[in-house]
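Given next are the chains, with one letter for each unit.
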Amino acid sequence: MEQVDLQATLMGGQCFAWEEKDGVYSAVLKGKQVSLSCAEDIQGPFLSDYFDMSFDYKAAREYLATLSPVLDQAVTTCPGLHILRQDPYLVTINFLLSQNNNIKRIKALYDTLCRSYGTEVSTGRFSFPTRDQLSKATEKELLSLKFGYRSGYIVSVVREYGRLGGLEKLSTAKARERLMTLRGIGPKVADCILVFGYHRWDAFPMDTWMRKVMCSYFPNKDGSYFAPYQALAQQYLFQSAQSGRLVC
DNA sequence: GGCCAGGCCCCAG
DNA sequence: CTGGGGCATGGC
């Protein structure tokens, strides 16, 4: 039975909603609070979909392991890493927050958005603001909440989001192109939205960590080397580098 | 103080 | 198309 690694999957930089306390992971999803203390708690249609339980991760890991010792090591150490199926709008706003930033502070900003514009679903627990709720935020307000130069991007993307339309039907390359027409979404953020919001495994986000990894371990190669599992390879390599398990 | 963090925009060449 | 400066903020 496939065991999801909650730590790696929920706290590894795919999403910023979860907090871990005494081994219990909790978040507000779809307006409801969810708490998980082990992989067996992943039950029901919503969580099964969220954790992408129907995909054959074993086959993907076995293939990636053949590509390089670094990946072999990574998948062996952490067999339970899944790519979540998250809401595209939420992912879009989240990765606007991510640019030139670190995971800890991205989480803090995520929390600020929830508390400032979301709905309190239980005492002290807030949902992520809907598009409608977030549309009430002004740039000035966001600046005072320490969103920095991302403030303008958030206001603009919330306003223009409807323009994206049925991205699901487009090829990854076309969808990427359309995402990048929004202000504040460049190549890297677009790729993150494609992987984490649209589950496009042929996207390969290249951030500062990945640049180092590719330079050190896969010189003269790009994401296509890991096809058809680019996104999973990326997530393994990102986490390995970012947690200091790789020397770059 | 300088450098860096899941970068992007804008402007030179 | 490529390179580099500017941009907000906080941790180290």
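Residues numbered from 1 in each chain as written. Chains lettered and ligands numbered in written order. Predicted model: local features only at pLDDT ≥ 70, side-chain atom pairs only at ≥ 80, totals over all residues. Heavy atoms only, no water.

Asks: Mind laying out the side chain of Asn94, listing which residues take part and the relevant values?
Replies: Positionally, Asn94 belongs in helix α5 (residues 88-97). Discounting chain neighbours no more than four positions away, the residues touching Asn94 are Phe16, Ile106, Tyr110 and Phe128. (Helix = DSSP H or I, 4+ residues; strand = E, 2+ residues; numbered from the N terminus. Contact = heavy atoms within 4.5 Å.)

Asks: Give a description of the protein's contact with DNA strand C that names residues and reports values.
Replies: Around DNA strand C lies a shell formed by Asn100, Arg105, Leu143, Lys146, Gly148, Tyr149 and Arg150. The protein-proximal atoms of DNA strand C, defined as those within 4 Å of the protein, are 61% sugar or phosphate. Between DNA strand C and Asn100 there is a distance of 2.6 Å, counted from a base nitrogen to a side-chain nitrogen or oxygen. The contact in question runs from a sugar or linking oxygen of DNA strand C to an N or O atom on the backbone of Tyr149, over 3.2 Å. The residue inventory of the surface near DNA strand C, partitioned by class, reads two nonpolar, two polar and three charged. (Near = heavy atom within 4 Å. Polar contact = N/O pair within 3.5 Å; in protein donor to acceptor, adjacent residues only side chain to side chain. Nonpolar A, V, L, I, M, F, W, Y, C, P; charged D, E, K, R; others polar.)

Asks: Tell me what's going on with the packing of helix α3 (residues 57-67) against helix α13 (residues 230-242), and back it up with residues and numbers.
Replies: Packing of α3 against α13 leaves a shortest axis separation of 10 Å and a crossing angle of 70°. Here α3 lies roughly perpendicular to α13, going by the angle between them. Handedness of the α3/α13 crossing: right-handed. In this structure, α3 uses Tyr57, Ala60, Arg61 and Leu64 to contact α13, whose residues at the interface are Leu232, Ala233 and Tyr236. (Axes fitted to C-alpha atoms, helices over the stretch in contact; angles between N-to-C directions. Parallel < 35°, antiparallel > 145°, perpendicular 65-115°, else oblique. Left-handed = near helix turned anticlockwise from the far one by under 90°.)

Asks: Please set out the protein's contact with DNA strand B residue by residue, giving values where relevant.
Replies: Around DNA strand B, the surrounding shell holds 29 residues, and the nearest of these are Gly13, Ile103, Tyr149, Trp209 and Gln234. Each atom of DNA strand B within 4 Å of the protein was classed as base or backbone; sugar and phosphate made up 63%. In the environment of DNA strand B, a base nitrogen lies 2.8 Å from a nitrogen or oxygen atom belonging to the side chain of Tyr149. A distance of 3.2 Å separates a phosphate oxygen of DNA strand B from a polar backbone atom of Lys188. Only α11 (187-198), α12 (208-217) and α13 provide two or more residues apiece to the surface near DNA strand B. Of the residues assigned to the surface near DNA strand B, the class counts are 12 nonpolar, 13 polar and four charged.

Asks: Tell me what's going on with the pattern of salt bridges, and back it up with residues and numbers.
Replies: Side chains that differ in sign of charge can pair as their charged atoms come close. The final tally for this structure, using the stated rule, is seven salt bridges. Asp111 is the salt-bridge partner of Arg115, the closest N and O atoms lying 3.0 Å from each other. Note that Arg115 and Asp111 are positioned in helix α6 (residues 103-117) at a spacing of four residues, about one turn of the helix. Classification of Arg115 as partly exposed rests on a relative accessible area of 44%. The salt bridge partner of Glu160 is Arg163, with a shortest N-O separation of 2.7 Å. With a relative accessible area of 46%, Arg163 lands in the partly exposed category. (Salt bridge = Lys/Arg side-chain N within 4 Å of Asp/Glu carboxyl O. Buried < 20%, exposed > 50% of the residue type's maximum accessible area, 1.4 Å probe, protein only.)

Asks: Account for α3, naming residues and giving values.
Replies: The set of residues buried in α3 consists of Tyr57, Ala60, Arg61, Leu64 and Leu67. Down the axis, α3 shows its buried residues gathered within 110° of arc, on one side only. Residues of α3 that are buried in the fold lie against α4 (69-77) and α13. One side-chain oxygen of the residue at the start of α3 lies 3.3 Å from the amide nitrogen of Lys58, identifying that residue as Asp56. (Arc of directions from axis to C-beta.)

Asks: Mind laying out the pairing of strand β3 (residues 32-36), listing which residues take part and the relevant values?
Replies: Both strand β2 (residues 24-29) and β3 contribute to a ladder of five bridges, which runs antiparallel. Counted as the bridge partner of Tyr25 is Leu36 from β3. In this antiparallel pair of consecutive strands, β2 and β3, the connection spans two residues, and Lys30 shows a positive phi of 50°. (Pairing = 2+ DSSP bridges.)

Asks: Give me the pairing of β2: which residues, what numbers.
Replies: Summarising burial for β2: five of the six residues are buried, a large majority. Sheet topology places strand β1 (residues 19-21) next to β2; three bridges connect them, and they run antiparallel. Residue pairing across strands places Glu19 opposite Ser26, the latter belonging to β2. From the end of β1 to the start of β2, which pair antiparallel, there are two residues, and Asp22 there has a positive phi angle of about 50°.

Asks: How would you summarise unusual backbone geometry if you had to cite specific residues and measurements?
Replies: For the bond from Ala227 to Pro228, the omega torsion is 0°, close enough to zero to count as cis. Located in the positive-phi region is Asn100, a residue other than glycine, with phi close to 50°. Secondary-structure assignment places Asn100 in the loop between α5 and α6. The residue His199 is not glycine, and still its phi comes out positive at about 55°. Within the element layout of this structure, His199 appears in the loop between α11 and α12.

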